[in-house]
Structure formats: C-alpha cells, structure tokens
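Read off the chains here:
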Amino acid sequence: MKSNKILKVLALSASTLVLSYMVNARAQPSPQNAPQIIKIGPVEYYDIDNLPDDHYGRLVRYGKKLTDETYAVIGPEVKNPKMRYAGNNLACSSCHQESGTLAYAIPFVGVSAVFPQYRPREDDVSTVEERVNGCMQRSMNGRPLPYDSREMKAYVSYMNFLSKGIPVGSIIDGSGLKAMKAPNRSADPQAGGQVFARNCVRCHGAEGQGERTGKVGDAQGYNVPPLWGKDSFNDGAGMSRLLIAMRFAKHDMVKTLTDDQAYDVAAYIVTQPRPHKANLEKDFPAKWNKPVDAAFPPYVDGATPEQHKYGPFAPLAEKMKALKDQMQSNNK
Amino acid sequence: MKRHSKNLVALLSLLLCAHVFAADKIKMEDQTQIPAAPNKLSGVKYFSPPEDADLQNNAFGDLVRKGEALFVNTKALAPLNVGNEMNCVNCHLDRGRKANSSPMWGAYPMYPAYRKKNNKVNTYAERLQGCFSFSMNGTPPPADGEIILALTAYSYWLSTGAPTAKALPGRGFDEPPPPKGGFDVARGKVVYEKQCVICHGENGEGKKVGVNYVFPPLWGKDSYNWGAGMHRINTAAGFIQHNMPLGRGETLSDIEAWDVAAYVNVHERPQDPRLVEGDIEKTRKRFHADDGVNLYGTTVNGVLIGQGIK
C-alpha cells in the first residue's frame, strides 16, 4: 500500500469514526464496538523518554530494556542464577525489531488491545502473560517468568505503553509478519544454502552462529543473533516453522530476496540443528487448526513429515480447509 | 448530577488520537494515580459494551461467559475465594456494564497502572485480586488460574472498542462534591430509613431468598471489609448517588448521598486484613489517614470505629 493511500484511508476512517460518534449521540445502535483498523505509528512515536520517572515509567523502561537486552537481564550468563530465565543469549528484539515497534516484525504495539485471545497452539484462550511465557520457553529456550515478577510486569507494562489509545479488540495493521504466498513446490534447502551464503553469511556467519558482542560468558549477547545451534531458538518456536521463517526473511531481513529465495533460505535454516522443546507433540491439541508447516507429530492429514517440513504447502492447506469445513458441518 | 463540559474540540482530538497518530509521541499523563473519569460531554452517550448477542460461540466466548457467571454469582462459584456474601455485581451493576458503577470497560483498559493503595504498578489480575482481598473479604485466586483468567476475558470483552490506557467518562463512581458543612451520620440514618431499609434491612443485613442474598449486606460480617474502597465515604457516595436506590439512581441529592454513605460506613464490618500489629491506630495511620474520606480508626459518638467483627 502506498503511503498517500494509507493517509487517505486513515483520514476517511477517522472522519467516519468522528461522524459515527456524533451520530451516536442521538441514535442507536452503537458502532463503537466494531473493530477498528489501527495503523502502527512511526518508531519515534513510541518514545519512552516521554514518560515521567515514576513507578509506571520505570517499569515501562525496564520492559524496553528487557526487550532490547534480554541476555543482560534474564539471559543464561547473568550472575544471579535465579535470574536466568532465558536459555539462550538472544534478545526479544532479535525478532521483534526496533524494540517491538516495527510493523510486520511481530510488533508489540497493540498487543494489550488484542489479548486475551484464542491461541491454536494451546487450543485455549491465553493472556498476554501466557503469550510472553510461550516466547520464554520457545524462542528464548528458557523457563516461564512468574506472573508477579517485576520482569513479567515490565513486559506487560511496556506493551501497554505501546498500545496506549488503541481500542480493545482492534485490528492492528502491521501486526505479526507480512503475508506472503509460498511457491507451490517443495522448498529446496540446498538452493537455500546458496541464498544463505550470498545474502546472510556476511552478518550471521557461515555456521549461522551470529556475532557476539563480547565473549562467551559476559552476558552481553549478540550484535547479530545466531540462527541455529545451542544459543538460538528451539524447535518449538514459531520461527522454526518454514513459512514463518520465510516471511521474516522476506520482509524483515535484507529485503532483496525473491519469494523463491526466501522460501528456500527458510528451508535451509529449518534444516539446521537447534535445541529441542520437550512435549512438542502436545502443541496444537486441536488437530484441525495445526499449521501445515508444524513439522512434528502427530500428523493428521496423511501427508509425510517431509512435506510438513518442506512443502509443497498449498495441497496441505487445502486438506486442512476440507477438514475444518467437515468439522463445522458436523457441528451443525 | 451530570457534569458536562462544553469542550467539543477536546473530544474530537481525543477521538482522533485514538484512531490516528496525530501527535509525534505518545502523550502520557501523570501516572502517580489512575486518572479519574473525565466529564461526559453534553449529548454524548457513555461508552456502551457489546451486546450479549455479539459474543462468539467459540473457546473465547465460552471463557467470557464463564467470567460473566463468576461475576454475577461470585460467592456460589468461587466459594474458596469469597469470604463474605458479596458478588462482583453488587457494586458493578448491570453485570459490570453500567457507567458510574465502576464498569469493567472503564477499568480493564487502564491496567497495568500504579495504585497508591499498594504503592506499586498493578496488573489487571492484581487489581482483581485486590477486590477479592477487600470487597469480598476473601482469599485472592491465583493470577494464572481459571477464575482470574475468566474474569479478565469477561472484562476484556466488555471493553471492546474502549481505548487502551485512556480514562473514559463513566469509569469509577464519579464522586459528588462533599457537602459544604460536612457530612452528617445522623442525617444519613434518616435517609437510610426512608430509602434503603426496605432492601438492605434495619441492620444493613441485606435480604436473602433461601440461602442466596438478593440484596447485599452493607455492614456486618457478610459485607465488605475495612480495606475495601467502598469503606471510603466519598466512594460510597458516588456509588449511591448514581445507582441507589436500585432503579432510581441520581434521585438522591449529593448531600443525601454523602450522609447515607457515612451512615453505612460508620458501622462495623470485617477487619482490614492489612491490620498492622493488631493495632487500629497504626493501621489507620498507614492505610487510612490518606485514603479519601473514611471513619476507620476515628471515634464517633464515643465509639472507636474499625474494631472489626470477630
């Protein structure tokens, strides 16, 4: 979408909103519960320096620090063993770029306005705390934060700050990752290896090991995060699924990859070794909404584990859709 | 008691801010206290939560309905957590939907927020737990348990469309200004006997049908304790003025509301669970001296108030 078009849409929807409020002053029914589409602001908009130095302000600042320097506060190399919640030296901002404020880089903006929500991975409604702990146990390969810990409350408060003014239940334009249609073929890890060598090695290293800021044991994390190996996310993380890694690689990394290159390089990355998440088979307990690229058992649609890992995914998506439709008609 | 401001420009800019990023940066108010409800503008309705029929039939909808059931029948459904005979809906009328009755849509989007009451930033779960400790005189359910989750989901759903971290008109109880000559317990007794006795009883004991209360007890062992927000006369006056007598809200004068709130809150109720070293005076100094207008730890007609009920 071009930016002037966005402005037009915003202006139109803003005037509609104001009008609807004014009309609402006299007439029913109320449109105020209808979901609004909220655009994520520019990075400068989310400036914590704008906060006073009070309890809330300090907690929000701590949340941002935890996001940017996770390794230094709750990483596996911090001095106090009780504080070692994360199992690797990644930062939240390794994926949630610009401290969680960048559109289509899984931003935190608006998170407070859309949780609690149903999560297929748990087949249950999750609070924002549960969602944070999902990351802690997967992308951070660690253990959950207690709900009443200062760290958990700091994350929740930081997300609340980033969500200020956003109506509850909104649709956040720029949430998650940007959609991209995967090529309808099996992804090719070998071709992906070549894409990796040409586009990614420069920063992430030939072994995907990233670039440490200092040395092992100093809790200073990475300038460039490791993409696999023992200091990276585990196989229960969303990023270990091919279609997720593909979208991230396409839109949030060098930005010059073609769809085919992003698809293949993601295949290369998911082929690499990484820590294992225990009890993975318990994820997505409602089989009908298990993502087609969740490449771990149980498999419900008769396809091979290979196909769930490398595609082609379009036929799997069709099967899943048929399964869902069948379930819905059974429920009627 | 409707206080209307005429500043339409302010309203429009507020709405715009909620919708587009007009400003360069997020504007943050002073967070030392949760902002009170702003005045409702003339001709604008209060926020209204979604209708029951809007709720989906799925896992989320099921959890919301569970939260609603807990909200209405708290004592029956969370007996381990409720130490008196109160239900959430006793203070948050119309299932937590009614403006100026501390509606959930006014509360939920405001958290996490700093509260002077416990001198820390509270998450919504902690705020709910506070109600269980004081208004319900009970034991708070765990923050990661099903009860808090269901009540949170219900509050979230009621807040659909309400802006995150912005105070809406109608949140809280919108307290009337205190009477110029001060409140008067004796005058409050007269109001109580005329307006309240028929439902809440001569001794504030409420009314039961079978084992269930249909009108809540206002004092005594089955009511809120001395740590609850409702023990503040200013808070109770706001609730009463807008909502009592039931179905005839906003018919009492501000003075009547203050007087009858004082009469209700001069009566004994379960002790403040934060009682400091068993000492009412110490407890008054630490928790009540700077907590609105209340009678805890003071002497009224020669009687020390705040002794609690054994």
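How each quantity is defined
Residues numbered from 1 in each chain as written. Chains lettered and ligands numbered in written order. Predicted model: local features only at pLDDT ≥ 70, side-chain atom pairs only at ≥ 80, totals over all residues. Heavy atoms only, no water. Helix = DSSP H or I, 4+ residues; strand = E, 2+ residues; numbered from the N terminus. Contact = heavy atoms within 4.5 Å. Areas by Shrake-Rupley, 256 points an atom, 1.4 Å probe, with all protein chains shown as cover. Buried < 20%, exposed > 50% of the residue type's maximum accessible area, 1.4 Å probe, protein only. Lys, Arg positive; Asp, Glu negative; His and termini not counted. Charge placed at Lys NZ, Arg CZ, Asp CG, Glu CD. Pairing = 2+ DSSP bridges. Salt bridge = Lys/Arg side-chain N within 4 Å of Asp/Glu carboxyl O. pLDDT = per-residue confidence, 0-100. Axes fitted to C-alpha atoms, helices over the stretch in contact; angles between N-to-C directions. Parallel < 35°, antiparallel > 145°, perpendicular 65-115°, else oblique. Nonpolar A, V, L, I, M, F, W, Y, C, P; charged D, E, K, R; others polar. Phe/Tyr/Trp six-rings, centres within 6.5 Å; stacked < 30°, edge-to-face > 60°. Lys NZ or Arg CZ within 6 Å of the ring centre and 35° of its normal. Core = buried A, V, L, I, M, F, W, Y, C linked by side-chain atoms within 4.5 Å.

A. Broad picture of the overall build of chain B. Regarding its fold elements, chain B presents twelve helices and six strands. Contacts in chain B between residues far apart in sequence, at least 24 positions, make up 68% of those at least 6 positions apart. For chain B, the exposed surface amounts to about 13800 Å²; the carbon and sulfur share of it is 55%.

B. Structural view of the overall build of chain A. Helix and strand counts for chain A come out as 13 helices and six strands. Seen through its C-alpha atoms, chain A measures out along the principal axes to roughly 65 × 55 × 40 Å. Scored against the burial criterion, the 332 residues of chain A give a buried share of 52%. In chain A, the share of contacts with a sequence separation of at least 24, taken over all contacts with a separation of at least 6, comes to 63%. As displayed, chain A offers around 15300 Å² of accessible surface, 56% of which is attributable to carbon and sulfur atoms. Charge centroids of chain A, computed over 42 positive and 34 negative side chains, lie 2 Å from each other.

C. Local environment of helix α11 (residues 254–264) of chain B. Residues and elements named next belong to chain B. For α11, the tally of buried residues reaches eight of eleven residues, placing the bulk of the element in the interior. Among all positions of α11, only A257, W258, D259, V260, A261, A262, Y263 and V264 are buried. Tucked into the core, α11 has its buried residues touching α8 (185–195) and α10 (233–243).

D. Up close: the pairing of strand β4 (residues 212–215) of chain B. All names here are of chain B. Pairing of strand β3 (residues 207–209) with β4, which is carried by three bridges, proceeds in the antiparallel orientation. Residue pairing for β4: V209 is matched across the bridge by N212. Linking two consecutive strands that pair antiparallel, namely β3 and β4, is a turn of two residues; a positive phi of about 65° is found at G210 within it.

E. Up close: the pattern of salt bridges. Inspection of every chain in the model, using the stated rule, returns 28 salt bridges over all chains. Of the charged contacts, one joins A:R241 and A:D293 as a salt bridge, the two residues approaching to 3.1 Å between their closest N and O atoms. Residue A:R241 is located in the loop between β6 (222–224) and α10 (242–252), and its partner A:D293 is located in the loop between α11 (259–271) and α12 (305–310); the two are separated by 52 residues in the primary sequence. In this structure, A:R241 and A:D293 share a single accessibility class: buried. For B:D222, the salt bridge is made with B:K221, and the minimal N-O distance between the two is 3.1 Å.

F. Broad picture of the confidence of the model for chain B. Per-residue pLDDT for chain B has a mean of 91; in total, 89% of the residues score no lower than 70. For this predicted complex, the interface confidence score (ipTM) comes to 0.87, while the overall pTM stands at 0.89.

G. Representation of the packing of helix α2 (residues 55–68) of chain A against helix α7 (residues 150–162) of chain A in the model. Residue and element names in this part refer to chain A. The N-to-C vectors of α2 and α7 enclose an angle of 100°; their axes lie 7 Å apart at closest approach. Regarding the angle of α2 to α7, the classification is roughly perpendicular. On α7, the residues touching Y56, R58, L59, V60, Y62, G63, K64, L66 and T67 of α2 are R150, E151, K153, A154, Y155, S157, Y158, N160 and F161. Looking at side-chain class alone, the contact of α2 with α7 contains nine nonpolar, four polar and five charged residues.

H. Up close: unusual backbone geometry. Note the cis peptide between A:P297 and A:P298, where omega equals 0°. Inspection of the secondary structure assignment puts A:P298 in the loop between α11 and α12. Following B:Y111, the chain continues to B:P112 via a peptide bond in cis, the omega torsion being 10°. Looking at where B:P112 falls in the secondary structure, it is placed in the loop between α5 (104–107) and β1 (113–115). In the Ramachandran plot, B:D174 falls in the positive-phi region, its phi being about 45° despite a non-glycine side chain. Within the secondary structure, B:D174 sits in the loop between α7 (146–158) and α8. Phi at B:E277 takes a positive value of approximately 50°, unusual for a residue other than glycine.

I. How the structure looks around the packing of aromatic side chains. Enumeration according to the criterion identifies 18 aromatic pairs over all chains in this entry. Their ring planes at 45° and their centres at 5.3 Å tell us that A:F196 and A:Y268 sit as a pair that is tilted. In this pair, A:F196 sits in helix α8 (residues 189–199) while A:Y268 sits in helix α11, placing the two residues 72 residues apart along the sequence. By relative accessible area, which is 1% here, A:F196 ends up buried. Note on B:W226 and B:Y296: the rings are 5.7 Å apart at their centroids and 65° apart in plane angle, and the pair reads as edge-to-face. Taken as a pair, B:W226 in the loop between β4 and α10 and B:Y296 in the loop between α12 (280–288) and β5 (299–300) lie far apart in primary sequence, 70 residues in all. Members of the aromatic cluster, joined through ring pairs, are B:F60, B:Y108, B:Y111, B:Y124 and B:Y156. The ring of B:W226 has B:R269 lying over it, and the distance from NZ or CZ to the ring centre is 5.5 Å.

J. Representation of α10(A). Within α10(A), nine of the eleven residues are buried, which leaves the element mostly enclosed by the surrounding structure. In this structure, the buried side of α10(A) is in contact with α4 (97–100), α11 and α12 of chain A.

K. Molecular detail of the packing of helix α2 (residues 59–72) of chain B against α7(B). Residues and elements named next belong to chain B. Interhelical geometry of α2 versus α7 gives an angle of 105° and a closest axis separation of 7 Å. Judged on the interaxial angle alone, α7 and α2 are roughly perpendicular. Only E146, I147, L149, A150, L151, A153, Y154, Y156 and W157 of α7 make contact with α2, whose side of the interface consists of F60, L63, V64, K66, G67, E68, L70 and F71.

L. Broad picture of the nonpolar core. Ranked by size, the top nonpolar core spans 142 residues in total, and within it A:M136, A:F161, A:L242, B:Y192 and B:I240 carry the most contacts. Among the elements that line this core, the one with the most residues is α7(B), at nine residues. Ignoring sequence-local partners within four residues, the contact set of A:M136 consists of A:I74, A:Y85, A:A86, A:N141, A:G142, A:R143, A:P144 and A:L145. B:F47, B:W105, B:A162 and B:L168 belong to the second-largest nonpolar core, a separate cluster that totals five residues.

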